[in-house]
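Fold and contact review
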Amino acid sequence: ELFLKDDETIQYFLEEAFQTGDGPLIAKALGTVAKARNMTALARDIGMSRTSLYKALSGDVSPELGTILKVAGALGYQITVQPRVNEAA
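Residues numbered from 1 in each chain as written. Predicted model: local features only at pLDDT ≥ 70, side-chain atom pairs only at ≥ 80, totals over all residues. Heavy atoms only, no water.

1. Let's talk about the nonpolar core
Rules: Only buried Ala, Val, Leu, Ile, Met, Phe, Trp, Tyr and Cys residues count toward a nonpolar core, and they belong to the same one when joined by side-chain atoms within 4.5 Å. Categorising residues by exposure relies on relative accessible area from a 1.4 Å probe, with only protein chains included: less than 20% of the type maximum marks a residue as buried, more than 50% marks it as exposed, and the intermediate range marks it as partly exposed. Every helix listed is a DSSP run of H or I at least four residues long, and every strand listed is a run of E at least two residues long, numbered separately from the N terminus. Should any heavy atoms of two residues lie within 4.5 Å, those residues are considered in contact.
One finds L30, L42, L53, L57 and V71 to be the most contacted residues of the largest nonpolar core, which totals 19 residues. Tallying contributions element by element places helix α2 (residues 23-37) first for this core, with 6 residues. Setting aside residues up to four positions removed in sequence, L30 forms contacts with L14, F18, L57, I68, V71 and L75.

2. What about the environment of E16?
Among the structural elements, E16 can be located in helix α1 (residues 7-20). Counting along the chain gives 39 residues from E16 to K55, while the straight-line C-alpha distance between them is 22 Å.

3. Comments concerning a nonpolar patch on the surface
The line we're drawing: Patches draw on residues past 30% relative accessible area with no salt bridge. Two like charges within 9 Å are joined, as are two nonpolar side chains (Val, Leu, Ile, Met, Phe, Trp, Tyr) within 5 Å. Accessible areas in this description were obtained via Shrake-Rupley with a 1.4 Å probe; residue shielding takes into account the shown protein chains only. Here, a salt bridge means any Lys or Arg side-chain nitrogen found within 4 Å of an Asp or Glu carboxyl oxygen.
There is a patch of nonpolar side chains on the surface, built from F18, L65, L69 and I79 and spanning about 350 Å² of accessible area. Locating L69 in the fold gives a position in helix α5 (residues 65-74). Take L69: its relative accessible area is 44%, and that puts it in the partly exposed class.

Below, the structure written as structure tokens:
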């Protein structure tokens, strides 16, 4: 988490994770950011126990979409949908 010192780095880190489409990897990336930002406060803000939040963001499981949305929102991010770019073009 030492490399997550500024908002620009955190945003790039999360964008890279989300681009993989891998649920557990995305959860783990959000967990890494949450640890860097104070997991206890984040858990309180979204109404989860710290233990449950650690488990959801461990990367061992794919958390519910609602959890991902709550965590992203509490971290100051929103999840949006956009058309996929055709990389072959």
